[in-house]
Amino acid sequence: MTAFPFGVSFDGFVSVRDAVETAQTAEACGARSFWIAEHLGYRESIVTATAIALATRQAMVIPTALSPYLRHPMPTAMAIASLAELVPGRCGVAVGVGNPMYLQESGLETFKPVAAVRDYVNALRSLLQATSVNQEGTTFVLRGARISFLPPESPPIYLAPMGPKMLKLSGTVGDGLVLSAGLSPAFIRRSISLAEAEASAKGRNPRTLRKSAYIYFIAGGDARDQRTKVRRKLAFLFRNEKLRENIIASGLPIDHDAIIEANKRRDAEAALSLIPDEAADAFAIAGTKAECARRAQEYLDAGLDEIVLSLVGTQEDKTRSLSVLHSM
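So, here is what we can say about the structure in this document. Everything numeric here is computed off the predicted structure, so don't read it as measured data. (Residues numbered from 1 in each chain as written. Predicted model: local features only at pLDDT ≥ 70, side-chain atom pairs only at ≥ 80, totals over all residues. Heavy atoms only, no water.)

Take helix α10 (residues 256-264) next. The periodicity of an α-helix, 3.6 residues per turn, causes residues three or four places apart in sequence to face the same way. Among the residues of α10, His256, Ile259, Ile260, Ala262 and Asn263 are the ones counted as buried. Across the axial projection of α10, the buried residues extend over an arc of 160°, all falling on one side. Of the surrounding secondary structure, the elements contacted by the buried residues of α10 are α4 (100-105), α8 (223-237), α9 (244-250) and α11 (268-273). Of the residues flanking the end of α10, it is Arg266, one or two places downstream, whose phi is positive at about 60°. (Buried < 20%, exposed > 50% of the residue type's maximum accessible area, 1.4 Å probe, protein only. Helix = DSSP H or I, 4+ residues; strand = E, 2+ residues; numbered from the N terminus. Arc of directions from axis to C-beta. Contact = heavy atoms within 4.5 Å.)

And the structure:
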């Protein structure tokens, strides 16, 4: 058993079969949750989550971060309720805006994001109670819509917040939050404080708010190879404008605008060249077993209940990283 509570995230960049294999290995090493991302153009999150759920025994499965601009709440609630019926007590869902650049490529504009997410979460919560819902949402309309079956347990609804307004919303309407990958421990502490303060202001007990974050993770192997693989992940992740404040706070010489432009051109190598080696230390867990254990504790000390590991590298790298993790 590992020394800290962890889950594993899946980004849709590998085949569903490979994701299932990794999930089975991770559960054997103590993983207690699987978070399956929705990146446009890659593997679909709920399908992948279902495959992982059927191939594992106990860990939670959480499609993330479903966007109100992409999905109507009714079919989303139907899918989540079905998954909750299939694996009772093991299903959740996370809601987020999504990446504006890729949404725009599909003709979708991210207008009034805080209102859109708030309305969407409220609609999902009502629909998952199998009640008739009448709601004029920012991105949808429900006129007496209802699900005709009630899942055995109501799935928790997380928010995937980016930015202070969405963090505050997490403390208001979310059962929990899952923070973006690529954040430093200091920025995670600051983010959690915002959500907890808003929860308290709304009369909620902030301790009941479940707090998780995606953290890039690679253990063992060649140190230079580790850094390059983490940098490649960061080069793609940092296409998001919402990560600007986190990057600036790190003090590292990173040209965020140039990274965004390189990603728009689909020029992965140009984006990679803009990420310094030091970024792997600032925004990830990497290194030897001892180094990874120390770094994981820094993230837990920042206020996380669970670290959601985003395994970096090849299938061989991921298997090795999980082996190192299991030995901690």
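Still to come is the rest of the account.
Counted as a void, the largest pocket has a volume near 1000 Å³. Taken together, 48 residues make up the lining of the largest pocket; nearest its centre are His39, Ala65, Met162, Arg239 and Asn240. Across the lining of the largest pocket, the residue classes tally to 27 nonpolar, 14 polar and seven charged. Here the second largest pocket defines a volume of roughly 500 Å³. (1 Å grid on protein atoms, 1.4 Å probe; cavity = no way out; pocket = protein on both sides within 12 Å on 5 of 7 lines; lining within 4 Å. Points joined across faces, edges and corners; volume = space filled by probe spheres on them. Nonpolar A, V, L, I, M, F, W, Y, C, P; charged D, E, K, R; others polar.)

A word on α8. Taking 1.5 Å of rise per residue, the 15 residues of α8 would be expected to cover 21 Å, and the 21 Å separating its terminal C-alpha atoms lies within 8% of that figure. Listing the buried residues of α8 in full gives Gln226, Val230, Arg231, Lys233, Leu234, Ala235 and Leu237. Those residues of α8 hidden inside the fold are in contact with β9 (210-219), α10, α11, α12 (278-282) and β10 (284-287). Regarding α8, its N-cap is Asp222, as a side-chain oxygen of that residue lies 3.2 Å from the backbone nitrogen of Arg224 further along. (Expected span 1.5 Å × (residues − 1). Polar contact = N/O pair within 3.5 Å; in protein donor to acceptor, adjacent residues only side chain to side chain.)

On to the packing of helix α1 (residues 16-28) against helix α2 (residues 45-55). Relative orientation of the contacting elements α1 and α2 amounts to 40°, with a least axis distance of 9 Å. Classified by the angle their axes make, α1 and α2 are oblique. When the axes of α1 and α2 are compared, the crossing they make is right-handed. Residues Val16, Ala19, Val20, Ala23 and Gln24 of α1 form the contact with α2, whose own contacting residues are Thr48, Ala51, Ile52 and Ala55. When its residues are assigned to classes, the contact of α1 with α2 shows seven nonpolar, two polar and no charged. (Axes fitted to C-alpha atoms, helices over the stretch in contact; angles between N-to-C directions. Parallel < 35°, antiparallel > 145°, perpendicular 65-115°, else oblique. Left-handed = near helix turned anticlockwise from the far one by under 90°.)

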